[in-house]
Structure formats: C-alpha cells, structure tokens
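Chain by chain, the residues:
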Amino acid sequence: MFCSVFEMFLHGVVFMIYILNRQLRLCAADLCNWRGSGFPAGVDTRVVLQVKLRCTEGSVRWVYPGQALRVVLEPNLSSVKRTTVCIKPSPTFSGANLFIERDGTLEQLVTDGKRVEHVSCFRAEGPQMPAIYIQTSPLGDEPWSRRWIGFRYELMANKSAATSLGHTASCRPCNDTELLMAVCNSDFVARGYIKAVLHDPDRHLSLVEVLAVRVHWQRSGVFQQQAHSDASGSPRLVPSWRGLIRAHVQCGVKAGAGEFLFTGSEHFGEAWLGCAPRYKDFLSVYQTAKASRRNPCDFPLD
C-alpha cells in the first residue's frame, strides 16, 4: 500500500517536472515573439521562466502570469550594433512590475497600479545585452486569474531614433545635412498637405492628418490609398493618400496651407514626424547639393 502511494507520488512529481521543463524549452526556442503561460511555474513560486529572443523587434504575451518572467534580448546582428532598446507595455498591463536588468541591477520601468501610457527607451551598452524582468504581484486567494500581460520591444541603432518616442525630442527645424539624410534613411517619405491637427496634452502628443499626393516610400502602411467614386458610382483608386503622423505636443504643429515633404520613423506600428520642410525649400536644398555632388542619395523629382 505504501509503495503504491509512493509510486503515484513519484509519477506525479516526474510529470510536473516534465511539464515545467517543456515550458522552459519552449521559452528558449522562440525567436522574435513569445506567447506562453505561467501556469507550470505555479508548482514552485521560486521558478523564473526564461525567454531568449533573437530579433530586433517583437512582442511578449504572458497568459495566466505566474511568479516571474525574464526575457533576454540577444538579436542576431553581424554588422549593425543596436544600442537602444524601447519597450511598450500592453494596454492590459496590470498586476505586475516591469524592470530592466542591466549589469546585474534592476531598474523599474512600470509600477503596478500606475497607468501605463508611454514607451520607455534606454541604452543597451556593455558586454551583456539587457534583460526585461516581469514580477507579478500577489493576487490573494485566486492566484490564477484569466488575464494576460506583455509588451512589445524594438532595438535601434542610434539614440536619435528612440528620442522621438520620449519627451526630449528637439522641435527645431532640420538643417540641410539632416534633411538630406532624412530623405535617404527615413521609414517613410511622402509629399502632401496637412489636413488637420489634433492635440492631446494628456498624452503629450499631436496627431497630424496628412493628405499625400505622392508616397515615395514607407516601411509599412502609414499611408493608405483612398478609394473614390466616379460618376457611375463604382469605387476607383486615385493618387491620393491619407496617413496619421504623431508629433510632440510641445512642438506646436499647426494646420496650414502649403505643400510639405514629410519624413519620419515608425515605431510599434506608429509613425513619428521627423524633418518636414516645405517642398519648395527641400527642392532648393536638394538641387544645390546635387549640383555639387553632396547629395547622399538620389531622390525622384517629379
């Protein structure tokens, strides 16, 4: 009788170890995005799930969050060194604290109970890549709540790209060199007009609605081609594009007449305004640079 009970207990322990080991292997095997459950960690509150991600951008979604989750960012990069990491917690992020682990120390980015609104960016220099550490808060008598928490991440090659996500971005106009580089390196470049600007002081940003007559390039779908109806009532596509671009509210972007060249970066599916000169001013700068062979790239003028 005793042996039978002991064997049943031993089989149960082996099964739980198998489940836990399987969960940890799955955590380490993913590349860009991870979605997993904290339930197996519930057998031991000392267990910290380990996740290793190998891309420059992705997401983490933790359902039934357990005690703690540690995400190490180790992208496969041979030529470009990404020195800035940006983290955007999910809108449902609650019941947990989020930390950045650097050089053996923890720095808190998100505090449980406080409203999550902004993206956090930090430097990632040093011999080891940083890790993101999530520690859940006690939930009383019901430790397994049907919820999920998570975040999206991006690794960037320079601090200026991340600055647009913070509150310290410069609102000064771009100089000629910065403008010429912007049309070569931006995530999107479009020529058009400002239709409207909506300011949101609580979120420290402005939403700029742009109607573009020409989208030179875009990394994703910032600008969408608009469908119009002709006299017969059938929809047709015309060279008219619409997009929403974010800017910092302290920059005081205003709607006004005139044609502009919009450039900027994309982060977490959102477009952020970079250099935006009047198109005629850009033409003057570009043509002068091209005449003296100082233009860093060729730009279509039509």
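Residues numbered from 1 in each chain as written. Predicted model: local features only at pLDDT ≥ 70, side-chain atom pairs only at ≥ 80, totals over all residues. Heavy atoms only, no water.

Looking at the packing of helix α3 (residues 176-185) against helix α4 (residues 279-291)
Now for step 1: Taken N-terminus to C-terminus, the directions of α3 and α4 make an angle of 90 degrees; their axes are 10 Å apart at the nearest point. Compared by their axis directions, α3 and α4 come out roughly perpendicular. Of the residues in α4, those touching α3 at D176, L179, L180 and V183 are F282, V285, Y286 and A289.
Now for step 2: A per-class count over the contact of α3 with α4 returns seven nonpolar, no polar and one charged. (Axes fitted to C-alpha atoms, helices over the stretch in contact; angles between N-to-C directions. Helix = DSSP H or I, 4+ residues; strand = E, 2+ residues; numbered from the N terminus. Parallel < 35°, antiparallel > 145°, perpendicular 65-115°, else oblique. Contact = heavy atoms within 4.5 Å. Nonpolar A, V, L, I, M, F, W, Y, C, P; charged D, E, K, R; others polar.)

Observations concerning the state of the cysteines
Now for step 1: Per the counting criterion, the structure on display carries four disulfides.
Now for step 2: Here C86 is linked by a disulfide to C121, with a sulfur-sulfur distance of 2.0 Å. On the sign convention where negative means left-handed, the S-S torsion of about 105 degrees between C86 and C121 marks this disulfide as right-handed. You can see C86 sitting in strand β5 (residues 84-89) and its partner C121 sitting in strand β8 (residues 120-123), a full 35 residues away along the chain.
Now for step 3: A residue is classified by how much of its surface remains accessible, and C86, at 0% relative accessible area, is buried.
Now for step 4: Here C184 connects covalently by a disulfide to C297, the sulfurs 1.9 Å from one another. Its S-S torsion of approximately -95 degrees makes the covalent link between C184 and C297 left-handed. Here C297 lies in the segment after α4 and C184 lies in helix α3, a separation of 113 residues in the sequence.
Now for step 5: The class for C184 is partly exposed, based on a relative accessible area of 23%. (Disulfide = S-S within 2.5 Å. Buried < 20%, exposed > 50% of the residue type's maximum accessible area, 1.4 Å probe, protein only.)

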